[in-house]
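# A look at the structure
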Amino acid sequence: MPKAYVFTRYGGPETEALVEQDRPSPGPGQVLVAVRAAGVNPVDWKQRTGYARPGAGARELPAVLGNEVAGVVEELGPDVTGFTVGAEVFGSPVAGGYAEYALLPTAVTALKPAALSFTDAAALPVAAATAYDGIHQLGLPSGATVLITGAGGGVGVAATQIARALGLTVVGVASEGKKDFVEELGAVHVPSGLDLAERVRAAAPDGVDAVFDLVGGEVLEAAATLLDDRTKLITGADRETVARLGGGPVERARTAAVLDEVARLVVDGRLRPFVTGTFPLDRAAEALRTVEDGHARGKIVIEVAR
């Protein structure tokens, strides 16, 4: 039977297990995909602890972990058009992706370009698409300056590159250990920690035009003091705090069209997925700990052998 990495109840890592499950069957508007790679994101372990996106219903347990995959279409659901069996695709699964098989809704599934590996494609639907949505939501003109907090993480790495491709100056907040990495992306590095606002002002004496926050909490509060126009304050990490500060959350498009765009950026050489670690499915726990511990640079991906 196919294998999947699940959490059996809400809680910590002790709730996780590699199990065997029946191969799922696609419903209307869905395709069954033989997974080749699954991206690992902070939202994965947060969902294990009970977090749910606004509007999302309760998950049936045990639940498969993971929110982005790339693989090969094995079966089409009723009335599905635009996809064929054998097509190479990537997208966001209906119910988890750390598995040998996953169901993908066609609305958020895109055909994988031949020049894009499964591993790199699996790193795009969450982090890169969130970054793309956020940078375009800010709508800054070329030459403007954007402050990105959490610039060394999966979304931050993509957001920095997308912003630079649009001609924006990026000030990236990250730990001192990620300084060289952030500068390699083309950003001005500012170390995280106390007195953040003062350090940003020193690094960008002409000020910043927008803030794309990926940390939340005190970091978001400090970054907000740098802006007069709070409509240019967005977060992918802390909806409650940003609402209190007069900003807003990243508005996710969650469409195949956005996936097409980020894949094109990769193929054109303007966006590197920066997959810095890969793990087989039977080491999914180790992959998730790498992200959960907060020390990962770039993206971590689980590769599913065939």
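Scroll up to find the structure.
Definitions and cut-offs
- Residues numbered from 1 in each chain as written.
- Predicted model: local features only at pLDDT ≥ 70, side-chain atom pairs only at ≥ 80, totals over all residues.
- Heavy atoms only, no water.
- Helix = DSSP H or I, 4+ residues; strand = E, 2+ residues; numbered from the N terminus.
- Rg over C-alpha atoms; globule rule 2.2 N^0.38 Å.
- Buried < 20%, exposed > 50% of the residue type's maximum accessible area, 1.4 Å probe, protein only.
- Lys, Arg positive; Asp, Glu negative; His and termini not counted.
- Charge placed at Lys NZ, Arg CZ, Asp CG, Glu CD.
- Pairing = 2+ DSSP bridges.
- Contact = heavy atoms within 4.5 Å.
- Axes fitted to C-alpha atoms, helices over the stretch in contact; angles between N-to-C directions.
- Right-handed = clockwise from strand over helix to strand, strands pointing away.
- Parallel < 35°, antiparallel > 145°, perpendicular 65-115°, else oblique.
- Left-handed = near helix turned anticlockwise from the far one by under 90°.
- Nonpolar A, V, L, I, M, F, W, Y, C, P; charged D, E, K, R; others polar.
- Phe/Tyr/Trp six-rings, centres within 6.5 Å; stacked < 30°, edge-to-face > 60°.
- Lys NZ or Arg CZ within 6 Å of the ring centre and 35° of its normal.
- Salt bridge = Lys/Arg side-chain N within 4 Å of Asp/Glu carboxyl O.

## Some details on the overall build of the protein chain
Along the backbone of the protein chain there are ten helices and 16 strands. The C-alpha radius of gyration of the protein chain comes to 19 Å, within 12% of the 19 Å expected for a compact globule of 306 residues. Once the C-alpha set of the protein chain is aligned to its principal axes, its extents read approximately 60 × 40 × 35 Å. A burial count over the protein chain gives 51% of its 306 residues as buried. Taking the average location of the 28 positive side-chain charges in the protein chain and that of its 38 negative ones, the two points are 1 Å from each other.

## Remarks on the sheet that holds strand 14 (residues 248–249)
Strands sit in the order 11-10-9-12-13-14 across an open sheet of six strands; the sheet is parallel. Looking at strand neighbours, the two that pair on one side only are strand 11 (188–191) and strand 14, the edges of this open sheet. Of the strand pairs in this sheet, strand 9 (residues 145–149) and strand 10 (residues 169–174) are connected by five bridges, and their pairing is parallel. Along strand 10, the bridge assignment pairs T145 with T169. Seen against the sheet, helix 3 (residues 124–138) touches strand 9, strand 12 (210–213), strand 13 (233–235) and strand 14 and runs at an angle of roughly 160° to strand 12.

## Some words on the sheet that holds strand 2 (residues 16–20)
Read from one edge of the open sheet, three strands run 2-1-4, paired in antiparallel fashion. Edge positions in the sheet fall to strand 2 and strand 4 (63–64), since each has one partner strand and no second. Pairing geometry for strand 1 (residues 3–7) and strand 4, over two bridges, is antiparallel. In the sheet register, F7 faces strand 4, and the bridge partner there is A63.

## Brief notes about the pairing of strand 10
Taken across its six residues, strand 10 has five buried, putting it largely inside the fold. Viewed along the sheet, the connection from strand 9 through helix 4 (residues 154–165) into strand 10 turns out right-handed. Alignment of strand 10 against strand 11, held across four bridges, turns out to be parallel. Across the sheet, V173 pairs through a bridge with V190, a residue of strand 11. A crossover connection joins strand 10 to the parallel strand 11 through helix 5 (residues 179–184); in handedness this β-α-β unit is right-handed.

## Quick look at the packing of helix 3 against helix 4
Closest axis-to-axis distance for the helix 3/helix 4 pair is 8 Å, and the angle between their directions is 45°. When the axis of helix 3 is compared with that of helix 4, the two are oblique. The two elements helix 3 and helix 4 meet at a crossing, and its hand is right-handed. Counting all contacts with helix 3, which are made through A127, A128, T130, A131, Y132, I135 and H136, the residues of helix 4 involved are G154, V155, A158, A159, I162 and A163. For the contact of helix 3 with helix 4, the per-class residue count stands at ten nonpolar, three polar and no charged.

## A closer look at the packing of helix 3 against helix 9 (residues 256–267)
Where helix 3 contacts helix 9, the two axes come as close as 10 Å, and the packing angle between them is 95°. Between helix 3 and helix 9, the angle falls in the class roughly perpendicular. Of the residues in helix 9, those touching helix 3 at L124, P125, A128, A129, Y132 and D133 are V258, L259, E261, V262, A263, L265 and V266. Looking at the contact of helix 3 with helix 9 residue by residue, the classes come out as eleven nonpolar, no polar and two charged.

## Focus on the packing of aromatic side chains
With the rule as written, the count across this model stands at two aromatic pairs. Between F181 and F274, the ring centres sit 5.2 Å apart and the planes meet at 80°, which makes this aromatic pair edge-to-face. Of this pair, F181 sits in helix 5 while F274 is found in the loop between helix 9 and strand 15 (275–280), placing the two residues 93 residues apart along the sequence. Taking NZ or CZ as reference, R272 lies 4.1 Å from the ring centre of F274, over its face.

## Looking at the pattern of salt bridges
By the definition in use, this model includes 15 salt bridges. Here E184 ties to R272 by a salt bridge, and the two come within 3.6 Å at their closest N and O atoms. Of this pair, E184 sits in helix 5 while R272 is found in the loop between helix 9 and strand 15, placing the two residues 88 residues apart along the sequence. On the basis of relative accessible area, E184 is assigned to the exposed category, the value being 51%. Among the charged side chains, a network of salt bridges with common partners joins E16, R48, R289 and E292.

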